[in-house]
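Close look at the chain arrangement
Residues per chain are reported as follows:
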Amino acid sequence: MLIKRPEAIKPSEITDQATYLERRRFIRDSGLLGVGVAATLAGLPWAKNSWAEAPDRRPFPELRKSPFSIDEKLTEYEDATSYNNFYEFGTGKSDPKENAQSFVPRPWSVVVDGACEKPGSYDLEDFLRPHPLEERIYRLRCVEAWSMVIPWVGFSLGDALKRFQPTSRAKYVAFYTLHDPERMPGQKRQVLKWPYREGLRMDEAMHPLAMLAVGMYGAELPNQNGAPLRLVVPWKYGFKSIKSIVRISFTEEQPVCTWNQVQPNEYGFYSNVNPNVDHLRWSQKKERRIGNWLKQETLMFNGYAEQVASLYSGMDLKQYF
Ligand SMILES: Nc1nc2c(c(=O)[nH]1)N[C@H]1C(S)=C(S)[C@@H](COP(=O)(O)O)O[C@H]1N2
Ligand SMILES: [Mo]
């Protein structure tokens, strides 16, 4: 199937900004926009997860819908793009949006190395080309006990990894964020050991739920959400979902992971969402869904237990937290 990535979209196919604003104005003037409008819009088939939620990014038309999607109310686009963790752009929740505006996530390449037959440095376009994009609505549970529901755009991580033909020595896969303090000003301070690094066991990485995302809400990723390429591992705490990836490395040993490196007694390598294993400093039993008043129960593996629990059978999840 031929997939149109933003680069391949003809201008005539894109609703331009003016038309978009016109449409938006029409919706507002006709009284649709207001209290509860997100719910209203979300209920309309043409508007559900529409790129109209992401006016500043180029849309991905004709996304296929993934059967992995959950049926829960989406977090408001505004919340998902202004309440972020992305320490490369500052440690406050509103810092990433503010400080990532001038970041240009192009040109971009991804180095693939380590235990594989096809290592190399790939232009982002070449890296993405073989993969049909789809929309997947996933829960995102931060270790800080808040959560969101986000419609990602991307594809299964495993489909990408297979192309590089990992060898039998590949037991883990490591991910690295761009390290460029001029473009990521938060890296001028040593709040973390840069670059941000994350990792998965090979079987976790190959699980179809693990995803590489290039967009959200039907359009390209905003910078603050990890443009142009990020990981999304919905059954793990949010910090495993590393942003702005420039290197993927197949390793024999368990890779160093940034938060685990900083506080190994608070942030484990696995970091599977688990209401029964408290953080050293707070309970993980409940979470605040951004946009809701009342807290809700946190689900085992963030609600993905049926799909992923078998990856950890026989493991003591209190020990391997
Ligand atoms: N490179 C990098 N990736 C990162 C982070 C970060 O600080 N740097 N924060 C993580 C954390 S703690 C969370 S909860 C999610 C937040 O993703 P979002 O801002 O898109 O919701 O990104 C994760 N990925
Ligand atoms: Mo997080």
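For every chain, the first residue of the written sequence is number 1, and numbering continues from 1 onward in sequence order. Written order determines the labels here, with chains lettered from A and ligands numbered from 1. Given that the model is predicted, a residue must reach a pLDDT of at least 70 before its local features are reported, and side-chain atom pairs must reach 80 or more before they are shown or counted; all residues, however, enter totals for whole chains, interfaces and linings. Side-chain figures throughout are based on the complete set of non-hydrogen atoms in the structure, without hydrogens or water.

Numbered from the N terminus, helices here are DSSP runs of H or I no shorter than four residues, and strands are runs of E no shorter than two. In terms of regular secondary structure, the protein chain is built from 9 helices and 13 strands. Any residue under 20% of the maximum accessible area for its type is buried, any over 50% is exposed, and the rest in between are partly exposed; the area is computed with a 1.4 Å probe on protein chains only. Burial analysis of the protein chain (321 residues in total) assigns 51% to the buried set. It only takes one pair of heavy atoms within 4.5 Å for two residues to be counted as in contact. Residue pairs at least 24 apart in sequence account for 72% of intrachain contacts in the protein chain once pairs closer than 6 positions are excluded.

Turning next to the pairing of strand β7 (residues 197-201). Burial of β7 is extensive: 4 of the 5 residues sit out of reach of the surface. When DSSP finds two or more bridges between two strands, those strands count as paired. Summarising the sheet, strand β6 (residues 172-177) and β7 pair through 5 bridges and their orientation is antiparallel. Looking at β7, one finds that Y172 is bridged to R201.

Further remarks concern the packing of aromatic side chains. Any two of the Phe, Tyr and Trp rings considered here, Trp counted by its six-membered ring, make a pair once their centres fall within 6.5 Å; the pair's planes then place it as stacked at under 30 degrees, edge-to-face at over 60, or tilted in between. Under the criterion given, the structure shown has 16 aromatic pairs. For the ring pair F269 and Y270, a centre distance of 5.1 Å and an interplane angle of 85 degrees mean the geometry is edge-to-face. This pair shows no difference in class: F269 is buried, exactly as Y270 is. When the ring of F301 is compared with that of Y312, the centres are 5.4 Å apart and the planes differ by 15 degrees; the resulting orientation is stacked. In this pair, F301 is assigned in the loop between β13 (296-297) and α9 (305-308) and Y312 in the segment after α9, connecting sequence segments 11 residues apart. Considered together, F301 and Y312 belong to a single accessibility category, that of buried residues. Of the aromatic side chains, those joined through ring pairs into one cluster are Y172, F269, Y270, F301, Y312 and Y320. Any Lys NZ or Arg CZ found within 6 Å of a ring centre and within 35 degrees of that ring's normal is scored as a charge over the ring. Here R163 stacks its cationic end above the ring of F127, 5.7 Å away from the centre of that ring.

So, about the sheet that holds β7. Taken together, the 5 strands give an open sheet; going across it, the order is β3-β2-β11-β6-β7, and neighbouring strands pair in mixed fashion. At either end of the open sheet lies a strand with only one pairing partner, and these are β3 (120-123) and β7. Sheet twist, expressed as the mean angle between neighbouring strand axes with direction ignored, is 20 degrees. Between N-to-C directions, angles span 0 to 180 degrees; the directions come from axes that are lines fitted to C-alpha atoms, helices contributing only their stretch in contact.

Right, let's talk about the pairing of strand β8 (residues 211-216) for a bit. Each regular strand displays side chains that alternate between the two surfaces of the sheet. Counting buried positions along β8 yields 6 of 6 residues, so the element is predominantly enclosed. Pairing of strand β5 (residues 146-156) with β8 involves 5 bridges; the strand directions are antiparallel. Opposite G154, over in β8, you have A213 as the bridge partner. Examined bridge by bridge, β8 and strand β10 (residues 230-232) share 3 bridges and lie antiparallel to one another. Bridging across to β10, M211 finds its partner in V232.

Looking at the element boundaries, V153 is found in strand β5. Sequence separation between V153 and M216 is 63 residues, and the spatial gap between their C-alpha atoms is 5.2 Å. Apart from the residues lying within four places of it in its own chain, the contact partners of V153 are F60, L63, L133, E134, M211, L212, A213, V214, G215, M216 and G218.

On to the confidence of the model for the protein chain. Per residue, pLDDT measures the predictor's confidence, with a range of 0 to 100. Of all residues in the protein chain, 83% attain a pLDDT of 70 or more, and the chain-wide mean is 88. A low-confidence stretch, residues 1-51 stays under pLDDT 50, and its non-local contacts, those more than four residues away or across chains, total 57 contacts.

As for its position among the elements, P264 is in the loop between α8 (258-262) and β12 (286-289). Not counting the four nearest positions on each side in its chain, P264 is found in contact with W259 and F321.

To continue, consider the pattern of salt bridges. Here a salt bridge means any side-chain nitrogen of Lys or Arg lying within 4 Å of a carboxyl oxygen belonging to Asp or Glu. Under the definition given, this model contains 22 salt bridges. With a shortest N-O distance of 3.5 Å, E252 and R169 are connected by a salt bridge. Highlighted residues: E252 in the loop between β11 (245-251) and α8 and R169 in the loop between α6 (157-163) and β6, separated in sequence by 83 residues. Of the residues examined, E252 reaches a relative accessible area of 42% and is grouped as partly exposed. The exposure class of R169 is partly exposed, given its relative accessible area of 46%. Note that R289 is salt-bridged to E287, the shortest N-O span being 3.5 Å. When sorted by exposure, R289 lands in the same class as E287, which is buried.

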